[in-house]
Amino acid sequence: VQLVESGGGLVQAGASLRLSCAASGRTFSSYIMGWFRQAPGKEREFVAAITWSGERTIYADSVKGRFTISRDNAKNTVYLQMNSLKPEDTAVYYCAAGLHIVVLSRAYDYWGQGTQVTVSS
């Protein structure tokens, strides 16, 4: 599975962004899809994940109520809608594919190259 993220950018606090992750290769719909992020000097952290059918989602407490993960299996794409962005959301955002809906990054087998999100105060 090859994953390519897009949609990052520089925004002001309170703004919204929608990240996309386009997948190619093996059957996209078979995989759990997750979003992670890594800020400078910090470890990569879990943001959100979604099951293959979309019926179950999980979120980090820091983004719950502000971010929404969704997927369109017909388009082989997973999205992360980010609202009410805060400066502490600044990070490189990565999408990942795996077989289990968990928060551990090591459980995901495939990773994109990342897209930068910068939120100014």
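Please refer to the structure higher up on the page.
Residues numbered from 1 in each chain as written. Predicted model: local features only at pLDDT ≥ 70, side-chain atom pairs only at ≥ 80, totals over all residues. Heavy atoms only, no water.

A few words on the pattern of salt bridges. A full pass over the atoms with the stated rule returns four salt bridges. R37 serves as the salt-bridge partner of E45, at 2.6 Å between the closest nitrogen and oxygen. We classify E45 as partly exposed; its relative accessible area is 34%. A salt bridge links R37 to D89, with the nearest nitrogen and oxygen atoms 2.9 Å apart. Residue R37 is found in strand β4 (residues 32-38), and its partner D89 is found in the loop between β8 (77-82) and β9 (91-98); the two are separated by 52 residues along the sequence. The class for D89 is buried, based on a relative accessible area of 1%. Put simply, R37, E45, R66 and D89 are held in one network by salt bridges that share partners. (Salt bridge = Lys/Arg side-chain N within 4 Å of Asp/Glu carboxyl O. Buried < 20%, exposed > 50% of the residue type's maximum accessible area, 1.4 Å probe, protein only. Helix = DSSP H or I, 4+ residues; strand = E, 2+ residues; numbered from the N terminus.)

So, about the packing of aromatic side chains. Following the criterion strictly, the structure yields five aromatic pairs and no others. Measuring from centroid to centroid gives 5.1 Å for F36 and Y108, while their planes differ by 75 degrees, and the two rings are edge-to-face. Linking F36 in strand β4 with Y108 in strand β10 (residues 108-111), this pair joins segments that are 72 residues apart in sequence. Residue F36 is classed as buried on the basis of its relative accessible area of 1%. According to the relative accessible area criterion, Y108 is buried, its value standing at 4%. With a centroid separation of 5.0 Å and 55 degrees between ring planes, the pair formed by F36 and W111 is classed as tilted. Of this pair, F36 sits in strand β4 while W111 sits in strand β10, placing them 75 residues apart in sequence. (Phe/Tyr/Trp six-rings, centres within 6.5 Å; stacked < 30°, edge-to-face > 60°.)

One open sheet accounts for four strands, arranged β1-β3-β8-β7; its pairing is antiparallel. Edge positions in the open sheet fall to β1 (2-6) and β7 (67-72), since each of these has one partner strand only. Across this sheet, the average inter-strand angle for adjacent strands is 15 degrees, counted without regard to direction. (Pairing = 2+ DSSP bridges. Axes fitted to C-alpha atoms, helices over the stretch in contact; angles between N-to-C directions.)

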